[in-house]
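# Topology and contacts: notes
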Amino acid sequence: MLPIMRLRSRPVLCNYYVTYRCNARCAFCDIWQRPSPYIRLEDAEQNLHDLKRLGVQVIDFTGGEPLLHRHIDCLLGMAHKMGFITTLTTNGMLYPKMAERLKGKVDMLHFSLDAAHQQPHDKGRGVPCYDLVMESIQVAKRLGERPDILFTVFKHNLHELEEVYEQIVLPNQLLLIINPAFEYNKVVTGARLTEQELAYLSAFGKRKRVYLNEGFMQLRHDGGNHVAKPVCKAASTTLVISPENELVLPCYHLGTQSFPIAGRLFELYQSKEVEELKRQEGRLPACQGCTINCYMQPSFAVEVNKYFWKALPSTLKYNYYKGTWKRLLAL
């Protein structure tokens with residue numbers, strides 16, 4: 001058997017939690033239940049410089065609902081000017097009011113939408129936000145933005161996928177991102193998709209204007225991450241920064257240790273304590289069976305293995321549609 005080749009030793013992504021607060025109450029998420037401050041601009045500016053030194057290319061400003069941060073446009077603008085690829089996912093409730101301020105600052109703008117009609121979507125999100133997603137699509141298009149629809153797939157809404165694609169994605173010339181739901185902590189996501197349902201998703205992912213990381217499918221077929229031979233490289237590919245300005249390791253969802261950054265992110269990330277946690281990535285007891293997409297996606301990109309080859313076609317397809325490859329070449 002050929003040895004696995006590591007393509008990149010430096011981190012590629014930062015999941016920057018600007019706040020854990022949220023104006024929705026999604027049943028499949030527990031972030032909104034946590035008390036939370038908001039990140040400070042001065043801390044963010046220092047951290048972005050250190051992230052650049054560490055080799056990070058993509059900043060995902062996340063939450064909670066990131067648009068609750070009153071200076072989110074400044075944060076995005078700062079990162080964008082520094083050459084980072086910026087990404088942001090929103091429930092759409094605040095986007096129409098903030099769209100002008102965000103214009104041109106988000107490379108990958110995602111609107112969360114989990115059903116084709118108002119009632120099931122709003123029920124899943126715990127607040128009335130379907131109409132605001134529809135409004136957000138039109139506002140973004142008028143401003144020349146190119147938003148994506150992020151559809152989180154569960155067994156109970158799998159049947160909605162076709163109509164969302166036909167009635168919302170294609171007429172608006174959007175890109176549909178299929179996000180298979182994943183389990184973590186005590187969050188209830190319902191019954192897992194069957195092999196037949198996973199096969200349906202894989203076939204759906206081959207359609208035009210659809211992105212599905214086939215590595216996610218393969219990992220689910222394989223029963224998730226295995227601690228004896230981990231595919232997860234969360235701690236070495238992704239930095240997680242909390243609203244309290246702490247470095248969280250090995251990932252947000254486990255969050256076994258947090259380190260105050262205090263203006264020294266570059267040194268902290270290379271410290272002995274953090275290096276030790278990096279060596280444990282994917283090997284902790286809670287890592288067994290993990291399928292958390294936001295950490296698996298960068299993990300698939302840094303080592304040449306079967307997940308790398310499964311993920312590559314969809315990654316190239318997405319970057320071609322979005323044109324982000326042009327900015328990546330400039331980094």
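What counts, and where the lines are drawn
- Think of each chain on its own: its residues are numbered from 1, step by step along the sequence as written.
- A pLDDT threshold of at least 70 governs which residues receive local features in this predicted model, and a stricter bar of 80 or more applies before side-chain atom pairs are shown or counted, although totals over entire chains, interfaces and linings include all residues.
- Heavy atoms from the whole structure form the basis of all side-chain values; hydrogens and water molecules are not counted.
- Helix and strand definitions here come from DSSP, where helices need a minimum of 4 consecutive H or I residues and strands a minimum of 2 consecutive E residues; each element is numbered from the N-terminal end.
- Two residues qualify as a contact provided that any one of their heavy atoms is within 4.5 Å of a heavy atom in the partner residue.
- Residue-level accessible areas treat just the shown protein chains as cover; the underlying method is Shrake-Rupley with a 1.4 Å probe.
- Buried Ala, Val, Leu, Ile, Met, Phe, Trp, Tyr and Cys residues form a nonpolar core when they are joined through side-chain atoms within 4.5 Å.
- Per-residue accessibility, obtained with a 1.4 Å probe over protein chains only, is compared with the maximum for each type, and a residue is labelled buried under 20%, exposed over 50%, and partly exposed between these values.
- As used in this structure description, the phrase polar contact means that two N or O atoms lie within 3.5 Å; if the pair is within protein, one of them must be able to donate a hydrogen and the other to accept it, and residues adjacent in sequence are counted only when both atoms belong to side chains.
- In the sections that follow, a salt bridge refers to a side-chain nitrogen of Lys or Arg positioned within 4 Å of a carboxyl oxygen of Asp or Glu.
- Two strands form a pair only when DSSP identifies at least two bridges running between them.
- Interaxial angles span 0 to 180 degrees and are taken between N-to-C directions of axes, which are lines fitted to C-alpha atoms, for helices over the stretch in contact.

### A look at the overall build of the protein chain
- Broken down by element type, the protein chain carries 14 helices and twelve strands.
- C-alpha atoms of the protein chain, sized along the principal axes, occupy 50 × 50 × 40 Å.
- For the protein chain, restricting intrachain contacts to residue pairs at least 6 apart in sequence, the fraction spanning at least 24 positions comes to 74%.
- Accessible surface, the protein chain as shown: approximately 15,000 Å² in total, 55% of it carbon and sulfur.

### So, the nonpolar core
- Ranked by internal contacts, the top residues of the largest apolar core, which has 86 residues, are L51, I72, Y95 and L176.
- Setting aside chain neighbours within four positions, we find L176 in contact with I149, F151, L161, V164, Y165, V169, F204, R209, V210 and Y211.
- With ten residues, the next largest nonpolar core counts V12, L13, L175 and I177 among its residues.

### Structural notes on the environment of L284
- Structurally, L284 is set in the loop between α11 (272-279) and α12 (293-300).
- Leaving out residues up to four positions away in the same chain, L284 has contacts with V227, P250, L254 and T256.

### Focus: helix α8 (residues 214-221)
- With seven of its eight residues buried, α8 lies for the most part within the structure.
- Taken together, the buried residues of α8 touch β7 (175-180), α7 (195-204), α12 and α13 (306-322).
- Two to three positions downstream of the cap, the backbone nitrogen of G215 sits 2.8 Å from a side-chain oxygen, assigning the N-cap of α8 to N213.
- Phi for G223, located one or two positions after α8, is positive at around 85°.

### Things to note about unusual backbone geometry
- With an omega dihedral of 0°, the bond running from L249 to P250 counts as a cis peptide bond.
- Tracing the sequence through the fold places P250 in the loop between β10 (246-249) and β11 (257-260).
- Of note in this structure, N245 is not a glycine but carries a positive phi near 60°.
- Turning to its location among the elements, N245 is positioned in the loop between β9 (238-241) and β10.
- Using a relative accessible area of 12% as the deciding quantity, one classes N245 as buried.
- In the Ramachandran plot, A262 falls in the positive-phi region, its phi being about 50° despite a non-glycine side chain.
- Since its relative accessible area comes to 64%, A262 is described here as exposed.

### Some thoughts on the pattern of salt bridges
- Evaluated as defined, the whole model comprises twelve salt bridges.
- Between E42 and R40 there is a salt bridge, and its shortest N-O distance comes to 3.4 Å.
- In this structure E42 comes out as partly exposed when scored by relative accessible area, which is 46%.
- A salt bridge links D50 to R53; the nearest nitrogen and oxygen atoms lie 3.7 Å apart. Of this pair, D50 and R53 both sit in helix α1 (residues 41-54), three residues apart, roughly one helical turn.
- Judged by relative accessible area, D50 falls into the buried class, the value being 3%.
- By relative accessible area, R53 is classed as partly exposed at 48%.

### Some details on the sheet that holds β9
- Ordered by their spatial adjacency, ten strands build an open sheet running β8-β7-β6-β5-β4-β3-β2-β9-β10-β11, and the pairing between neighbours is mixed. The open sheet terminates on both sides in strands that have one partner only, identified here as β8 (210-211) and β11.
- Bridge count for β7 against β8 is two bridges, and the pairing is parallel. Looking at the pairing, L176 lines up with V210 of β8.
- Relative to the sheet, helix α5 (residues 130-142) contacts β5 (108-112) and β6 (148-153), its axis offset from that of β5 by approximately 155°.

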